[in-house]
Amino acid sequence: KVISNKPLGLSSPGEEIVELKLEYPDWKPGWRAGQFVMIRPVSWPLDLVWGRPFSICNADETSLTILFQVVGRGTARLLELKEGDEVNIWGPLGNFFSKPQNRPVLMLAGGMGLAPFCGYVDTHPQPENLKLFFAHRPPLENYPYKGMAAKVDVEDIRETKPSDIPTIIARVEELVKEYAEKDGLIVACGPHPFLKTIWNAANKYGADAELSLENRMACGVGACLGCVCKDGDDHHTQVCTTGPVFKANNLSL
Ligand code: FES
């Protein structure tokens, strides 16, 4: 059941970012940051057959939180959910990010790709080893990373115009090189061009990087083949069952 459904602000005109908190009485706290759930409200009409995939932002023993952005018909209907409405959830699904100890970890988040790192920071045994680089669009005053910013080193780049994109790319490459040189781990989530920049840099500098893909999904359980990507040998594989987290050297973007 819906506990709260709270708009946090606009990422760009007309694109609301929303925090949806769901009561999940059977939730087993065995989830890991990077995993996702499929969500389909009970009230959706039959022509909205498929659920939608969302990274788990955070969870406790009885509830889970996701972030979503209104980008289409399904997410616009999610925005209409009210406290007490019922939602079908299946998950947690997929694999997850590593949490190495005694190694520096760089989290690279692009826009909504921040979601899995909220839980990552909260469940990492050594948050002092974490740094977050966050590229996004304003205004995001209520975006739930203020709590993260209190715990980890945050570098925040607000993309205000297309001409800022080369600056973001250059900074991402520089950070990937720095973490490759100090044998750190890079964990990343965000839109495809953002991940491709990281993937290219990780291959160039031999960095240990884990990338979470945001491919479209329909079933979430390996049945529809709607989410395929290519692995490091150029073979097709399913993001929902093999991923969503892939080692950069085991992926073709
Ligand atoms: Fe259906 Fe991956 S979403 S196979």
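The structure this text deals with has already been given above.
Residues numbered from 1 in each chain as written. Predicted model: local features only at pLDDT ≥ 70, side-chain atom pairs only at ≥ 80, totals over all residues. Heavy atoms only, no water.

Visitor: What am I meant to see in the pattern of salt bridges here?
Guide: When charged atoms on two side chains of opposite charge get close, those side chains can pair. In this structure the tally under the stated criterion is 13 salt bridges. Linking lysine 151 and aspartate 122 is a salt bridge whose minimum nitrogen-to-oxygen distance equals 2.4 Å. On the criterion of sequence distance, the pair formed by lysine 151 in helix α3 (residues 146-151) and aspartate 122 in helix α2 (residues 115-123) is long-range, its members being 29 residues apart. When its relative accessible area of 45% is taken as the criterion, lysine 151 is described as partly exposed. (Salt bridge = Lys/Arg side-chain N within 4 Å of Asp/Glu carboxyl O. Helix = DSSP H or I, 4+ residues; strand = E, 2+ residues; numbered from the N terminus. Buried < 20%, exposed > 50% of the residue type's maximum accessible area, 1.4 Å probe, protein only.)

Visitor: Looking at this structure, how should I read the sheet that holds strand β13 (residues 228-231)?
Guide: Either a parallel or an antiparallel arrangement is found when strands of a sheet pair, and the pairing is made through backbone hydrogen bonds. Taken in spatial order, the three strands line up as β14-β13-β16 in an open sheet, and their pairing is antiparallel. Every other strand in the sheet has two partners, leaving β14 (236-238) and β16 (251-252) as the edge strands with one partner each. Where β13 meets β14, three bridges bridge the pair, whose relative direction is antiparallel. If you follow valine 228 over to β14, its bridge partner there is glutamine 238. (Pairing = 2+ DSSP bridges.)

Visitor: Even after reading the chapter, I still don't get the packing of aromatic side chains, so can you show me in this structure?
Guide: Each pair of aromatic rings is reported with the distance of its centres and the angle of its planes. In this structure the tally under the stated criterion is four aromatic pairs. Relative to tyrosine 120, the ring of phenylalanine 97 has its centre 6.1 Å away and its plane inclined at 85°; by these criteria the two rings are edge-to-face. Linking phenylalanine 97 in the loop between β7 (87-93) and β8 (105-110) with tyrosine 120 in helix α2, this pair joins segments that are 23 residues apart in sequence. This pair shows no difference in class: phenylalanine 97 is buried, exactly as tyrosine 120 is. (Phe/Tyr/Trp six-rings, centres within 6.5 Å; stacked < 30°, edge-to-face > 60°.)

Visitor: Help me out: how do you make sense of the pairing of strand β3 (residues 36-41) in this one?
Guide: Of all six residues that make up β3, six are buried, and the element is covered over most of its length. Burial along β3 is two-sided: the face carrying Phe36, Met38 and Arg40 and the face carrying Val37, Ile39 and Pro41 are both buried. Of the strand pairs in this sheet, β3 and β7 are connected by five bridges, and their pairing is antiparallel. Bridge pairing in β7 places proline 41 opposite valine 87.

Visitor: Any chance you could explain unusual backbone geometry here in plain terms?
Guide: The phi torsion of most residues other than glycine is negative, and most of the peptide bonds are trans. Cis peptide bonds are those with omega within 30 degrees of zero, and the linkage from glycine 91 to proline 92 qualifies with 0°. Tracing the backbone through its elements, the reader meets proline 92 in strand β7. Residue glycine 243 is joined to proline 244 through a cis peptide bond whose omega torsion reads 15°. With respect to the helices and strands, the residue proline 244 is situated in the loop between α6 (239-242) and β15 (245-247). Residues other than glycine seldom take positive phi values, yet asparagine 102 does so here, at roughly 60°. On the secondary structure map, asparagine 102 appears in the loop between β7 and β8. Backbone geometry places aspartate 183, a non-glycine residue, at a positive phi of 55°. Mapped onto the elements, aspartate 183 comes out in the loop between α4 (165-181) and β11 (185-189).

Visitor: Looking at this structure, I do not really get the sheet that holds β7. What am I missing?
Guide: Overall, antiparallel pairing links the three strands, which are arranged β4-β3-β7 in an open sheet. The sheet is open, and its two edges are formed by β4 (52-55) and β7, each paired on a single side. Each adjacent strand pair in this sheet contributes to an overall mean axis angle of 25°, direction not counted. Bridge count for β3 against β4 is four bridges, and the pairing is antiparallel. Opposite isoleucine 39, over in β4, you have arginine 52 as the bridge partner. (Axes fitted to C-alpha atoms, helices over the stretch in contact; angles between N-to-C directions.)

The values reported here are purely geometric and, on their own, carry no functional implication.
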